[in-house]
Amino acid sequence: MVDLTEQEKAAMRAAMRRVAETMAEIGWGTRFQELSEAQVLTLIEVAVGGFQEAMQAIARQDAAAEVPF
């Protein structure tokens, strides 16, 4: 298991919200084995994209908070 940073954990929570929205569209009662290939790929794309976007936003916030000396 990888030790995640607090930023990575926050990014995972942000990605989870996007995955939940997609699952709501698919239907929460749908079993994983019933998902089509396209639906699985969409879930992966949403998860990875959400994580990347959140990490980029966190990096921008961290950069803006730095005080140059």
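For the structure, check the block above.
Residues numbered from 1 in each chain as written. Predicted model: local features only at pLDDT ≥ 70, side-chain atom pairs only at ≥ 80, totals over all residues. Heavy atoms only, no water.

*Asks:* Is there a simple way to explain the side chain of Thr-22 in this structure?
*Replies:* The residue Thr-22 is located in helix 1 (residues 6-26) in this model. Apart from the residues within four sequence positions on either side, Thr-22 is in contact with Thr-42, Leu-43 and Val-46. (Helix = DSSP H or I, 4+ residues; strand = E, 2+ residues; numbered from the N terminus. Contact = heavy atoms within 4.5 Å.)

*Asks:* Whenever I open this one, helix 1 confuses me. Can you help?
*Replies:* Each α-helix turn comprises 3.6 residues. Residues three or four places apart therefore point the same way. Taking 1.5 Å of rise per residue, the 21 residues of helix 1 would be expected to cover 30 Å, and the 30 Å separating its terminal C-alpha atoms lies within 8% of that figure. All buried positions along helix 1 are accounted for by Ala-11, Ala-15, Thr-22 and Met-23. Burial along helix 1 is one-sided: seen end-on, the buried residues are contained in an arc of 120°. Structural note: helix 1 exposes Glu-6, Met-16, Arg-17 and Glu-21 on the side pointing more than 90 degrees away from its buried face. Looking at the residues trailing helix 1, positive phi occurs at Gly-27, about 120°. (Expected span 1.5 Å × (residues − 1). Buried < 20%, exposed > 50% of the residue type's maximum accessible area, 1.4 Å probe, protein only. Arc of directions from axis to C-beta.)

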